[in-house]
Amino acid sequence: MKLSPSQPIGIFDSGVGGLTVAHAIRQLLPQESIIYFGDTAHLPYGDKSAESIICYSRKIVGFLLEKKCKTILVACNTASAVAFKDLKKFLGVQVQLVNVIDPVTKYIGKGNYNKVGVIGTKGTINSGAYEKILKNNDPELDVISMATPLFVPMIEEGFIYDDISNAIIRSYLSDEKMKNIDTLILGCTHYPIIKNQISKFFNFDINVVDSGRIVAEYLKSILTERNLLNTGNSPRSQFYVSDFTPYFEKVAMMFFEETIKLKKIDFWN
Ligand code: DGL
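Since we're looking at a predicted model, the values are computed, not measured.

### A few points about the sheet that holds strand β2 (residues 34–38)
Read across the open sheet, the 6 strands follow the order β4-β3-β1-β2-β9-β10; overall the sheet is parallel. Pairing within the sheet leaves two strands with one partner each, and these edge strands are β4 (96–99) and β10 (262–264). Sheet twist, expressed as the average angle between the axes of neighbouring strands with direction ignored, equals 25°. Sheet topology note: the strand β3 (residues 71–74)/β4 ladder contains 4 bridges and is parallel. Residue pairing in the sheet places L73 in a bridge with V98 of β4. Sheet strands in contact with helix α1 (residues 19–28) are β1 (9–13), β2, β3 and β9 (238–241), and its direction is about 170° off that of β2.

As structure tokens, then:
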């Protein structure tokens, strides 16, 4: 298939979390059209089996291919950790598939860090994906991983700047093993929403890294390399979810930081 720069970028997540990455892409590459799919009917992915996540992800990737996406970004750490290899095989060479873990681990590899913490869903942390790549890049690096499964429902329910969220953040991050980390990777695309509170918990003393800008820069570099960067100026973005409530649209706007219209599309039945 011959790809052209005017084709859209396909992005998917289990829900609205990936909108934090889509938003960073919109800011860095405003000329690109985006087709976003949030699999809200199956949210959360964090405690699902790898088999289920692979099955959902294949279907979504098929949908984004039908929409003629020139590249597909897995904007979910859990799917990146447990389904990416399978999806790459499934897709073959049709379009470039990008995940959110590789650009972030590359970014860390270029810095000078001693003790790095990684937080994410149970699926991401239990897969050991971050730890394996980070240790492979630098065997001397001390990597501390911790699942923080309450963060996703807490954020989705809008507990963000209050006593409840601060208590949950404190309860996880005051764990002894997180002592003396110099960097914390937010290994879940939901977590940038609470980045400020997390930084505050560490008295703004550590480097808190989220995937948005890093993944957007990475995408820009691979599109440039392949002569697929759009230079036209009429981007048209579409946002789909597999289940829908009006509340969801409100939450989605909080993630994307601008007005969006979600369309429900149900290809599961
Ligand atoms: N946003 C997803 C991730 O980056 C997690 C949300 C979920 O558990 O579905 O892992």
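From this point on, the discussion continues.
### Let's talk about the site of the ligand
By nearness alone, 14 residues border the ligand, and S14, Y45, G46, N77 and T78 come closest of all. Measuring from an oxygen atom of the ligand, one finds a side-chain N or O atom of S14 at 2.6 Å. Side-chain polar atom of T78 to an oxygen atom of the ligand: 2.7 Å apart, as the coordinates give it. Calculation on the ligand without its partners gives an accessible area of 300 Å², and the protein chains cover 99% of this total. Within the shell around the ligand, the residues separate by chemical class into 6 nonpolar, 7 polar and 1 charged.

### Topic: the nonpolar core
With 80 residues, the main nonpolar core has F12, L19, I25, I119, F151 and I198 as its most contacted residues. Sorting elements by how many residues they give to this core places helix α2 (residues 50–66) first, with 7 residues. When residues no more than four places from it in sequence are discounted, the contact partners of I25 are I9, I11, P30, I34, L73, A216 and L219. Counting residues in hydrophobic clusters, the runner-up holds 15 residues, among them V104, I108, Y130 and I185.

### With respect to the pattern of salt bridges
A full pass over the atoms with the stated rule returns 7 salt bridges. With a shortest N-O distance of 2.6 Å, K70 and E32 are connected by a salt bridge. With K70 in the loop between α2 and β3 and E32 in the loop between α1 and β2, the pair connects residues that are 38 residues apart, well separated along the chain. For K70, a relative accessible area of 1% puts it in the buried group.

### A closer look at the packing of aromatic side chains
Counting across every chain of the model gives 8 aromatic pairs. A centroid spacing of 5.2 Å and a plane angle of 85° characterise the contact between F63 and Y240, whose relative ring orientation is edge-to-face. Here F63, found in helix α2, pairs with Y240, found in strand β9; they are 177 residues apart in sequence, far enough to count as distant. Here the two residues F63 and Y240 agree in accessibility, since each one is buried. Here F239 and F256 contribute two aromatic rings whose centre-to-centre distance is 5.1 Å and whose plane-to-plane angle is 65°, an arrangement assigned as edge-to-face. Residue F239 is located in strand β9, and its partner F256 is located in helix α12 (residues 246–256); the two are separated by 17 residues in the primary sequence.

### Describing unusual backbone geometry
Residue L43 is joined to P44 through a cis peptide bond whose omega torsion reads -5°. Looking at the element boundaries, P44 is found in the loop between β2 and α2. Look at F204: it is not a glycine, yet its phi comes out positive at around 55°. Within the secondary structure, F204 sits in the loop between α10 (195–201) and β8 (207–209). Given the relative accessible area of 52%, F204 is considered exposed.

Rules used in this analysis
- Residues numbered from 1 in each chain as written.
- Predicted model: local features only at pLDDT ≥ 70, side-chain atom pairs only at ≥ 80, totals over all residues.
- Heavy atoms only, no water.
- Pairing = 2+ DSSP bridges.
- Helix = DSSP H or I, 4+ residues; strand = E, 2+ residues; numbered from the N terminus.
- Axes fitted to C-alpha atoms, helices over the stretch in contact; angles between N-to-C directions.
- Contact = heavy atoms within 4.5 Å.
- Near = heavy atom within 4 Å.
- Polar contact = N/O pair within 3.5 Å; in protein donor to acceptor, adjacent residues only side chain to side chain.
- Areas by Shrake-Rupley, 256 points an atom, 1.4 Å probe, with all protein chains shown as cover.
- Nonpolar A, V, L, I, M, F, W, Y, C, P; charged D, E, K, R; others polar.
- Core = buried A, V, L, I, M, F, W, Y, C linked by side-chain atoms within 4.5 Å.
- Buried < 20%, exposed > 50% of the residue type's maximum accessible area, 1.4 Å probe, protein only.
- Salt bridge = Lys/Arg side-chain N within 4 Å of Asp/Glu carboxyl O.
- Phe/Tyr/Trp six-rings, centres within 6.5 Å; stacked < 30°, edge-to-face > 60°.

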